[in-house]
Amino acid sequence: MKTDDLIASLSRDAAATGPDVHRRLALAFLAAAAAAGAVMLPTLGIRPDIAAASTGMLFPLKILAVATLAVGAMALVRAAARPEADLPRGVLVVPVVVLLVALGHEVATQVPANLSARMIGRYWGVCLIAIPLLGLIPLAAILGAMRAAAPRHAARAGALAGFAAGAIAATAYGLHCTDDSPLFVIVWYGTAIALLASLGALLGRRLLAW
Amino acid sequence: MRAALAGDEAAYGRLLRELTPFLRTIARSGLARAGRGTAEAEDIVQEVLIAVHTKRTSWIPTEPLVPWLRAITKHKLIDHLRRRGGTGHVDIDDLAEVIASPSEEPGIATRDVVKLAEGLPSGQKAVIHAMFVDGHDTKGTAAALSMSEGAVRVALHRGLAGLAKMLRGTV
């Protein structure tokens, strides 16, 4: 086939377009946050002692860490959607700093013998199941929007989509969870988010290649 | 490109035609750097045009177009070299024997999008055929196949998406 004929044919398909991928992603992120909240509230619910916990240090730091992680992950997904954009890795500095501050607080206020018990926490099993489940609809929404994307690496873009879905789910779950130690957050939230990122990478390899 | 994204067929066709020499230059220099002949350049140009088309919403209208185009072309070029067994740094001497023997399968040498379209569902195949081979426009195709223009557009869009997928998958 001649290139000119291909062009003529493609241009006749000009009308079949839609919003750009950043707009699609913005909608997907909103839907993801709404879905994670809508599933979390009636099933798990917000922790009953939220008012008391909010006056402490660790609960607000935990929510701040996962929420800024979610924002950073969303920025990474936005960049991965464009073939010419480099990933803005600096966006992850904020959640890392917040976690370091929380770790400093933890070490300063706990006797060393307590730390391993606080890392294992009370409900690590629930955390490992709830965050991936809460993240499934967000992952589907983000991957759906990413179908319009042209990522340089399909699997990496999928992993970032899973990372963002996991961080959004972790923020919702964080409002329910009473384990506030940053050690717990790093180990169990981290594992749960990594599970979703792996699932995202597997799906991304198939769905986002072009 | 902005007019094209708003659905202006004429502007879109003009844009794609103006882009093609630029794409051809990138494709040729990429092939040359990989130690390959430039005969495959037109295949790459066509693959890039299809990728530009199917992925055009990944360009953000407030961003410059050229870096996006370059990235799309580079992706398709690498993809093409990988599928054809190029490593990016091939010593020409190692290839001398391979080049000398006419081992290329005919199907690969003359890979043809119209041929690929044989694998599409019959409705899409008919639309692609009417437009590519017979040279009808949307209206003519609709009349020839007694379909509505909307149905032709949908079939064309799906057909092109299917072709893009096959181009990725074959060889």
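Refer to the structure presented above.
All values derive from a computational prediction rather than experimental measurement. Numbers given to residues run from 1 along each chain, matching the order in which its sequence is written. The naming scheme follows written order: chains are lettered A onward, ligands numbered 1 onward. Where local features are concerned, this predicted model is filtered to residues with pLDDT of at least 70; where side-chain atom pairs are given and counted, the filter is 80 or more; whole-chain, interface and lining totals use all residues. Values shown for side chains rest on all heavy atoms present in the structure; no hydrogens or waters enter the calculation.

1. Quick notes on a nonpolar patch on the surface
Residue and element names in this part refer to chain A. Where we set the bar: Patches were defined on residues exceeding 30% relative accessible area and lacking a salt bridge, with like-charge contacts within 9 Å and nonpolar side-chain contacts (Val, Leu, Ile, Met, Phe, Trp, Tyr) within 5 Å. In this description, accessible areas are obtained by the Shrake-Rupley approach with a 1.4 Å probe, and a residue is regarded as covered only by the protein chains that are shown. When a carboxyl oxygen of Asp or Glu is within 4 Å of a side-chain nitrogen of Lys or Arg, the pair counts as a salt bridge. Think of it this way: any DSSP run of H or I at least four residues long counts as a helix, any run of E at least two long counts as a strand, and we number them from the N terminus.
A contiguous nonpolar surface patch, about 500 Å² in accessible area, is contributed by Ile129, Leu133, Leu136, Leu199, Leu203 and Leu207. Elements that contribute at least two residues to the nonpolar patch include exactly α7 (124-146) and α9 (182-207). Counting through the fold element by element, leucine 136 comes out in helix α7.

2. Topic: the interface of chain B and chain A
As a reminder, the rule being used: Whether two residues are in contact is decided by their heavy atoms, any of which lying within 4.5 Å being enough. Buried area: the sum, over both parts, of the accessible surface (1.4 Å probe) that disappears when the two are put together. In protein, a polar contact requires one atom able to donate a hydrogen and another able to accept it; more generally it is a pair of N or O atoms within 3.5 Å, and residues adjacent in sequence count only if both atoms are side-chain atoms.
Contacts between the two partners involve 46 residues from chain B and, on the opposite side, 33 residues from chain A. Of the roughly 3,300 Å² buried at the junction of chain B and chain A (both faces included), carbon and sulfur atoms supply 62%. The interface formed by chain B and chain A includes one salt bridge. With its nearest N and O atoms 3.4 Å apart, the salt bridge here joins Arg82(A) to Glu63(B). Our count for the contact surface shared by chain B and chain A stands at 11 residue pairs in polar contact (both at pLDDT 80 or more). Elements with a contribution of two residues or more to the side of chain B that touches chain A: α1 (2-5), α2 (9-33), α3 (41-54), α4 (65-83), α7 (113-116), α8 (122-132) and α10 (149-169) of chain B.

3. Here's the deal with the nonpolar core
Side chains that are nonpolar tend, in soluble globular proteins, to be buried together. The cut-off we apply is this: Take the buried Ala, Val, Leu, Ile, Met, Phe, Trp, Tyr and Cys residues and link them wherever side-chain atoms come within 4.5 Å; each set so joined is a nonpolar core. Buried residues are those whose accessible area, probed at 1.4 Å on protein chains only, stays under 20% of the maximum for their type, while exposed residues exceed 50% and partly exposed ones sit between those limits.
Judged by nonpolar contacts, the single largest core of 53 residues is most densely connected at Leu25(A), Val77(A), Ile131(A), Ile142(A), Met146(A), Tyr173(A) and Tyr189(A). Contributions of two or more residues to this core are made by α2 (21-43), α4 (58-80), α7, α8 (154-174) and α9 of chain A. Examining the composition of this core, we find that 13 residues originate from one element, α8(A), more than from any other. Counting residues in each nonpolar core, the second largest holds 46 residues, with Leu19(B), Leu120(B), Ala142(B) and Ala155(B) among its members.

4. Concerning the packing of α7(A) against α9(A)
Residue and element names in this part refer to chain A. Note the cut-off: Where helices are involved, their axes are fitted lines through C-alpha atoms of the stretch in contact, as for all axes, and angles between N-to-C directions lie from 0 to 180°. Should the near helix be turned anticlockwise from the far one by less than a right angle, the crossing is termed left-handed; should it be turned clockwise, right-handed. Ten residue types, Ala, Val, Leu, Ile, Met, Phe, Trp, Tyr, Cys and Pro, are classed as nonpolar, four, Asp, Glu, Lys and Arg, as charged, and the remainder, Gly among them, as polar.
Running from N to C, α7 and α9 cross one another at 35°; their axes reach a closest spacing of 9 Å. Where α7 crosses over α9, the handedness of that crossing is right-handed. Where α7 abuts α9, its residues Trp124, Cys127, Leu128, Ile131, Pro132, Gly135, Leu136, Leu139 and Leu143 lie against Phe184, Trp188, Tyr189, Thr191, Ala192, Leu195, Leu196, Leu199, Gly200, Leu203 and Leu207. Of the residues that constitute the contact of α7 with α9, the class distribution is 17 nonpolar, three polar and no charged.

5. Notes on the packing of aromatic side chains
All names here are of chain A. Counted only if it meets this: Here is the rule: rings of Phe, Tyr and Trp (six-membered ring for Trp) pair when centre to centre is within 6.5 Å. Planes less than 30 degrees apart are stacked, more than 60 are edge-to-face, and the remainder are tilted. Each ring is checked for a lysine NZ or an arginine CZ that lies within 6 Å of its centre and within 35 degrees of its normal; such an atom marks a charge sitting over the ring.
Enumeration according to the criterion identifies three aromatic pairs over all chains in this entry. Between phenylalanine 184 and tyrosine 189 the ring centres are 6.2 Å apart and the planes differ by 75°, which places this aromatic pair in the edge-to-face class. The pair formed by phenylalanine 184 and tyrosine 189 is uniform in burial state, with each residue classed as buried. What links up through ring pairs into an aromatic cluster is the set Tyr173, Phe184 and Tyr189. The ring centre of phenylalanine 59 lies 4.7 Å from the NZ or CZ of arginine 47, which sits over that ring.

6. Observations concerning the pattern of salt bridges
Scanning the model with the defined rule gives 13 salt bridges over all chains in all. Between Lys76(B) and Asp79(B) there is a salt bridge, and its shortest N-O distance comes to 3.7 Å. In this pair, Lys76(B) and Asp79(B) are both assigned in helix α4, three residues apart and thus about one turn of the helix distant. Taken as a pair, Lys76(B) and Asp79(B) share a single burial class, namely buried. Linked through salt bridges whose partners overlap, the residues forming this network are Arg47(A), Asp49(A), Lys62(A) and Asp180(A).

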